[in-house]
Amino acid sequence: MAGFKTLDDLAEVRGKRVLARVDLNVPMADGKVTDTTRIERVSPTILELSRCGAKVILLAHFGRPKEGPEAKYSLEPVAAATAGMLGKPVAFAGDCIGDKATAAVAAMQDGDILLLENTRFHKGEEKNDPEFTRALAANGDIFVNDAFSAAHRAHASTEGLAHLLPAFAGRTMQAELEALEKGLGNPARPVVAIVGGAKVSSKIDLLMNLVKKVDALVIGGGMANTFLAARGTDVSKSLCEHDLAQTARQIMIEAAQAGCAIILPSDAVVAREFKADAANEVVGIDAVPADAMILDVGPRTVETVNQWIDRAATLVWNGPLGAFEISPFDRATVAAARHAAARSKDGKLVSVAGGGDTVAALNHAGVADDFTYVSTAGGAFLEWMEGKALPGVEVLKK
């Protein structure tokens, strides 16, 4: 983390008002938080600042409110869930700027924690409006950004504040940046990337960037069908973006020029219908029946993928190898994930994974905790993999 300011660079914080941008955009049902993963991720930063005597003022967004305050997007229920996770009281203010916020901050004692209302209740947040940013900054002495998941947005609470207050990366942001540096920034080689998912169209920039940075690129999921078709394989009724054949061919050409091996399925699990436990069979990739669709890669392909994982010193993973949401088309993803996890646990592999489907797949396989790092950042993780600068990260550089 030599290039970024972290909490280790912070001098005395006792009595200081620390505006901590965190990700509390958590799943809710019937007014209660149903998954506390994101709260768990930011807890170390909040507790460290509180223990050091800072007045910890949490900034966060929740959902996508259209026109000002909406009750269903209030962070008030999240304050209670955060308090439960931290084991400490978390006060709540009904606005993130103005009189309500100012009064709540003024009432704080050293070590107290306060959650301000949804920053997106103000249009100035997403517009990175200078006036709104100054109103946020008025309640703080120091800015700590611990929301990597929002770092790809140049919003007032993710980027603007860093221009007005001394700015530092929180522990979650630090862990994310360190993991990403190990993944693609300055990785141990060979580097293997596994990229899956439904469509090539959503990951063109990602693939174009990866072929220049990794030694081998494994392509799975529906995306692989587009590459197979571009190579002349008949994928029958499988999900396939035939209009992107030329794009797929260009990616393969660039990979060859960069010395990156492209690994496509050699066999597949096919079925006539897309449903759980549908009748299925394993076929060679050149022998997909005319009335069938590819729903997973086959065992021979899994063996090849695992051999590449064995060769790798670093693995970067985004997207499942098949339709992992329904059985039995989760087998390949689970098998490869468990193989990568075992090598990571043995200290033979640095494994960095991210993206919503990827996290779900690794949890499904029961191995998320055994990977070196699993990012919950979604869009920010994808943009980082695409090689794009993230505004909320750039402003934290020394």
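Higher on the page you've got the structure.
Residues numbered from 1 in each chain as written. Predicted model: local features only at pLDDT ≥ 70, side-chain atom pairs only at ≥ 80, totals over all residues. Heavy atoms only, no water.

Caption draft 1: Seen up close, the sheet that holds strand β6 (residues 113-116). The six strands are arranged β5-β6-β4-β1-β7-β8 in an open sheet whose pairing can be described as parallel. This sheet does not close on itself; its edge strands, each paired only once, are β5 (91-93) and β8 (167-169). Adjacent strand axes in the sheet meet at a mean angle of 25 degrees when their direction is disregarded. The sheet contact formed by strand β1 (residues 17-21) and strand β4 (residues 55-59) spans five bridges and is parallel. Counterpart to R21 in the pairing with β4 is L59. Contacts between helix α1 (residues 37-51) and the sheet are confined to β1, β4, β6 and β7 (142-145), with β4 contributing the most and set at about 155 degrees to the helix. (Pairing = 2+ DSSP bridges. Helix = DSSP H or I, 4+ residues; strand = E, 2+ residues; numbered from the N terminus. Axes fitted to C-alpha atoms, helices over the stretch in contact; angles between N-to-C directions. Contact = heavy atoms within 4.5 Å.)

Caption draft 2: Inspection of unusual backbone geometry at higher detail. Put simply, R189 and P190 share a cis peptide bond, and its omega is 5 degrees. Across the junction of S327 and P328, the peptide omega takes the value 5 degrees, indicating a cis bond. Inspection of the secondary structure puts P328 in the loop between β15 (314-318) and α11 (331-345). In the Ramachandran plot, D30 falls in the positive-phi region, its phi being about 55 degrees despite a non-glycine side chain. Along the chain, D30 turns up in the loop between β2 (28-29) and β3 (32-33). When its relative accessible area of 82% is taken as the criterion, D30 is described as exposed. Although it is not a glycine, N128 adopts a positive phi angle of roughly 55 degrees. The residue N128 is located in the loop between α4 (123-127) and α5 (130-137) in this model. (Buried < 20%, exposed > 50% of the residue type's maximum accessible area, 1.4 Å probe, protein only.)

Bear in mind that shape data such as this cannot, by itself, settle questions of function.
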